[in-house]
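Structural features, examined
One-letter residues, chain by chain:
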Amino acid sequence: MSHLSSSVTGHLRSPNTAPVDAPEVTVPADHVLVMKVIPMPADSNANGDIFGGWVMAQVDLAGAVLPARYAQGRMATIAVNQFIFKQPVRVGDILSFYAKMERIGRTSMTVNVGVYAERFNNQGRYIKVTEAQLTYVAIDDQGKPRPVPLKHL
Ligand SMILES: CC(C)(COP(=O)(O)OP(=O)(O)OC[C@H]1O[C@@H](n2cnc3c(N)ncnc32)[C@H](O)[C@@H]1OP(=O)(O)O)[C@@H](O)C(=O)NCCC(=O)NCCS
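Residues numbered from 1 in each chain as written. Predicted model: local features only at pLDDT ≥ 70, side-chain atom pairs only at ≥ 80, totals over all residues.

To keep things clear, this is the line we draw: UniProt positions are given in the numbering used here, feature names are shortened, and annotations may be inferred rather than shown by experiment.
Per an unreviewed UniProt entry, the protein chain carries the name Acyl-CoA thioesterase and comes from Ottowia testudinis. Recorded in UniProt under Sequence similarities (unreviewed entry), the annotation for the protein chain is "Belongs to the acyl coenzyme A hydrolase family."

Structure below.
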């Protein structure tokens with residue numbers, strides 16, 4: 001059974017509560033907290049962990065927050081330049097999404113997103129679960145690239 005169908009049809013297994021050997025980290029001081037969310041059982045795959053596509057969708061949303069302030073209007077994701085699933089995400093984790101603007105071009109904006117999990121029953125201690133870099137393009141009413149109006153905030 002695919003990840004997608006298990007995600008859609010429900011939970012084939014109980015949520016994964018096995019220990020994960022991941023170092024505790026501090027969240028990055030040079031990034032901005034842009035989103036928090038707790039994944040639910042309906043977001044899980046056949047392993048009992050969270051479906052990677054669900055994580056990617058959340059990262060796309062979180063990654064758009066800072067570029068939106070520069071774009072001041074419509075924009076679209078043009079590229080996922082990098083996406084690393086460092087550790088599994090579990091049902092009940094508190095996920096924190098930290099973002100940093102890396103580059104503002106003529107029409108495009110590139111952002112780094114780090115995702116940190118506080119495990120269920122271990123809140124207050126963070127492990128890094130995902131690292132990604134995405135590029136967004138400011139677009140006009142016809143869906144064509146337009147210059148980013150703000151280069152500095
Ligand atoms: C976003 C879109 C309007 C851009 O149009 P385009 O004609 O392809 O854009 P251009 O070639 O003029 O490039 C626009 C900018 O994106 C950058 N870019 C293009 N391809 C890129 C890539 N693979 N990675 C990173 N940046 C890229 C260009 O360097 C340029 O940046 P700059 O102006 O800051 O120098 C168009 O590609 C589009 O509509 N894509 C679909 C968007 C979408 O639906 N996203 C959701 C996915 S489901």
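**Points about the overall build of the protein chain**
So the rule is basically this: We count a stretch as a helix when DSSP gives it H or I for four or more residues in a row; a strand needs E for two or more, and each element gets its number in order from the N terminus. We call a residue exposed when 12 or fewer other C-beta atoms sit within 10 Å of its C-beta, buried when the count reaches 20 or more, and partly exposed for counts in between; the C-beta positions come from the backbone. Contact definition: two residues whose C-beta atoms, as placed from backbone geometry, lie within 7 Å.
Per the secondary structure count, the protein chain includes three helices and five strands. Reading the protein chain from its N end, one meets helices and strands in the order α-β-α-α-β-β-β-β. A buried classification covers 29% of the 153 residues belonging to the protein chain. At a minimum sequence separation of 6, the contacts of the protein chain that also span at least 24 residues come to 76%.

**Quick notes on the site of the ligand**
The condition is simple: Residues are classed as near a molecule or strand if the C-beta position derived from their backbone is within 6 Å of it. Under the scheme applied, nonpolar residues are Ala, Val, Leu, Ile, Met, Phe, Trp, Tyr, Cys and Pro; charged residues are Asp, Glu, Lys and Arg; polar residues are all the others, including Gly.
Around the ligand, the surrounding shell holds 14 residues, and the nearest of these are Ala79, Gly105, Arg106, Thr107 and Ser108. Here the shell around the ligand takes four residues from strand β2 (residues 75–85), the largest share from any one element. When grouped by side-chain class, the residues that make up the shell around the ligand number six nonpolar, six polar and two charged.

**Some words on the sheet that holds strand β3 (residues 94–104)**
Inclusion rule: In this description, strands pair whenever DSSP reports at least two bridges between them. Lines fitted to C-alpha atoms define the axes, with helix axes restricted to the stretch in contact, and inter-axis angles between N-to-C directions lie between 0 and 180 degrees.
The strand order across the open sheet formed by five strands is β1-β3-β4-β5-β2, and the pairing between neighbours is antiparallel. What marks the edges here is a single partner per strand, and that holds for β1 (32–37) and β2. For this sheet the average axis-to-axis angle between neighbouring strands, irrespective of direction, equals 25 degrees. Examined bridge by bridge, β1 and β3 share five bridges and lie antiparallel to one another. The residue of β3 that forms the bridge with Val37 is Leu95. Along the sheet, helix α2 (residues 52–63) makes contact with β1, β2, β3, β4 (108–118) and β5 (126–138), crossing β5 at roughly 60 degrees.

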